[in-house]
Amino acid sequence: MMNTPLLLTQMIERAERYYPKKEIVSRTESGISRFTYKEMASRARRLASALEKLGVEEGDKVGTLAWNHHRHLEAYFAIPCSGAVLHTINIRLAPQHIIYIINHAEDKVLLIDSDILPLIERVKDQLTTVKAFVIMTDSDTLPETSLSPAYHYETILAEGDPHHPFRDDLDENAPAGMCYTSATTGNPKGVVYSHRGIVLHSMALGLADTTGVSEKDIALPVVPMFHVNAWGLPFAATWFGTSQVLPGPYFTPKLLAELMQEEKVTITAGVPTIWLGLLKELDENQYDLSSLRSILCGGSAAPLGMIKAFEEKHGIPFMHAYGMTETSPLATVTGEKSYMEEWGKEEKYNVKAKQGILVPGLEMRIIGKDGEVSWDGKEMGELTLRGPWIASEYYKDERTDEAFKDGWLYTGDVVTVDEEGFVKIVDRTKDLVKSGGEWISSVDLENALMAHESIFEAAVVAVPHPEWQERPVACVVLKEGDHQNTTKEEIYEFLKPQFAKWWLPDEILFFEEIPKTSVGKFLKRALRDQVKERVGQ
Ligand code: AMP
């Protein structure tokens, strides 16, 4: 067979040629605008030529600090298709981490949304490699800024070449993108995505038995484009000519529900906290979301109660997936087998609440204390993965050796796998509660708690215990209204029939809000500190 390179260039050129009329809907600070793929590609070519004028060369890193919108999508292709590297920067990280990753990646140019400018202005003197700042704004002029030299995105585009050729001579293993992921301790760790990895990952997103993204879809990624490339959706959607709806800087549940309704979105993607918010909105107000064929949920465990509520109450199919920055990210996804149709409802939901089955193209091993675990849904081990869209190292980072061993990525996630091959994430290795030498899954307790009708959110953390080493404590946010009267005792009564006695939390604490990470996951570190304070440790 021919050994032709797999390049991002082919994706955008396909959209340009075959789907010139299909649309990208973008909501920015001044409202909704619409672009065809033809316009998008020509703007991306203009941007590529403009970046070249700014001195960007093959292999250079170009950072983006931006929400999900059309300009960010243009950068997604203009940068890698000129041989440079798209470095998406998580704007919710602490300033010292943002400084670290820009300097560590050696970003030459930064593309910045105007509302994110103050963040970079505050740290500009500590950036050692940046030669130019390009400001993305709807305004006709460059906003006032202390960054220098600063360029107005639309002006450099207007001066750019709409026919600028994309590079078709790149090595498929050359870097196309990079993204940093938070570490438990220390600085974030960088992952570099190759053209080949992104193309193969996009192909996996299009498989009928995974997310099945296709031309007929209208895709709305809520997951930020600075978080693992919005799970690869912008790449796959462009390649397949899928319509894209990019929600921009504001994504309250109400705005999302309206956008989904108006644009007749068919598939959307985000973390559970987004879906908990949307669920509340759908419970309180009337929307027609009948176009939605799938809510793709990953990043942390989707509570069973939430899956049921979407499917049964609102008739919206729910798709649970698992992955990480290091895995591009799609690694496992819900995949009910045809013969499971016959199964009872509860049994089917139990499968749905698991993180799913390995995506074709990847390999997994689950390593317990005595080697590979048996596929019995009980024995726990660490999930290890390998495949063409799994990272092989951290970018210039000595922590590579901790996670990458013998050609496998050690994910740090403790899982079980059942007879059917469905993987269940039991915990992060660091989040398991170890009580008297036995493991308690915080995720299982959280799922059970969140199935209670009065509980909005729940997180379980370990607190040190003199006798048992660690014990679980539950942190609970109650829903509004009468639900606020729910007592600890009622919650215990609800949990008791579901768990062995020693699994029950030692304490149930009520919170107004659970602290979250920059990507909307429970921030267990901060929560543990708050809990320790409240239980007097
Ligand atoms: P990130 O690199 O920020 O995307 O975080 C990856 C981590 O999120 C994984 O290692 C898991 O611990 C967690 N994670 C991702 N998806 C899921 C899921 N569906 N259920 C439970 N945990 C998940």
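Residues numbered from 1 in each chain as written. Predicted model: local features only at pLDDT ≥ 70, side-chain atom pairs only at ≥ 80, totals over all residues. Heavy atoms only, no water.

Draft legend 1. Representation of the domain arrangement of the protein chain. Domain annotation of the protein chain identifies domain 1 (8-16 + 23-192 + 222-238), domain 2 (358-428) and domain 3 (433-534). Each of domain 2 and domain 3 was reduced to a C-alpha centroid, and the two centroids are 27 Å apart. Counting residues at the interface gives 5 residues for domain 2 and 6 residues for domain 3. In this structure, the connection of domain 2 to domain 3 is made through 1 salt bridge. Between Lys424 and Asp444 there is a salt bridge whose closest N-O contact spans 2.9 Å. Per-class residue counts for the side of domain 2 that touches domain 3 are 3 nonpolar, no polar and 2 charged. (Domains from an automatic or database assignment. Contact = heavy atoms within 4.5 Å. Salt bridge = Lys/Arg side-chain N within 4 Å of Asp/Glu carboxyl O. Nonpolar A, V, L, I, M, F, W, Y, C, P; charged D, E, K, R; others polar.)

Draft legend 2. Main features of the sheet that holds strand E13 (residues 294-297). Taken together, 9 strands build an open sheet; the order of strands is E2-E1-E11-E10-E12-E13-E14-E15-E16 and the sheet is mixed. A strand with exactly one partner marks an edge of an open sheet, and here the two such strands are strand E2 (31-36) and strand E16 (357-358). In this fold helix H10 (residues 253-263) packs onto strand E1 (23-28), E2, strand E10 (218-221), strand E11 (243-246) and strand E12 (267-270), with an angle of close to 170° to the strand it touches most, E10. (Pairing = 2+ DSSP bridges. Helix = DSSP H or I, 4+ residues; strand = E, 2+ residues; numbered from the N terminus. Axes fitted to C-alpha atoms, helices over the stretch in contact; angles between N-to-C directions.)

Draft legend 3. Here's a closer look at the packing of aromatic side chains. Applying the stated rule across the entire model yields 9 aromatic pairs. Here Phe499 and Trp503 contribute two aromatic rings whose centre-to-centre distance is 5.8 Å and whose plane-to-plane angle is 10°, an arrangement assigned as stacked. Each member of the aromatic cluster is reached from another via a ring pair, and the members are Trp67, Phe226 and Phe251. Its end group placed over the ring of Tyr18, Arg14 keeps NZ or CZ at 5.6 Å from the ring centre. Directly above the ring of Phe511 sits Arg534, whose terminal nitrogen or CZ lies 4.5 Å from the centroid. (Phe/Tyr/Trp six-rings, centres within 6.5 Å; stacked < 30°, edge-to-face > 60°. Lys NZ or Arg CZ within 6 Å of the ring centre and 35° of its normal.)

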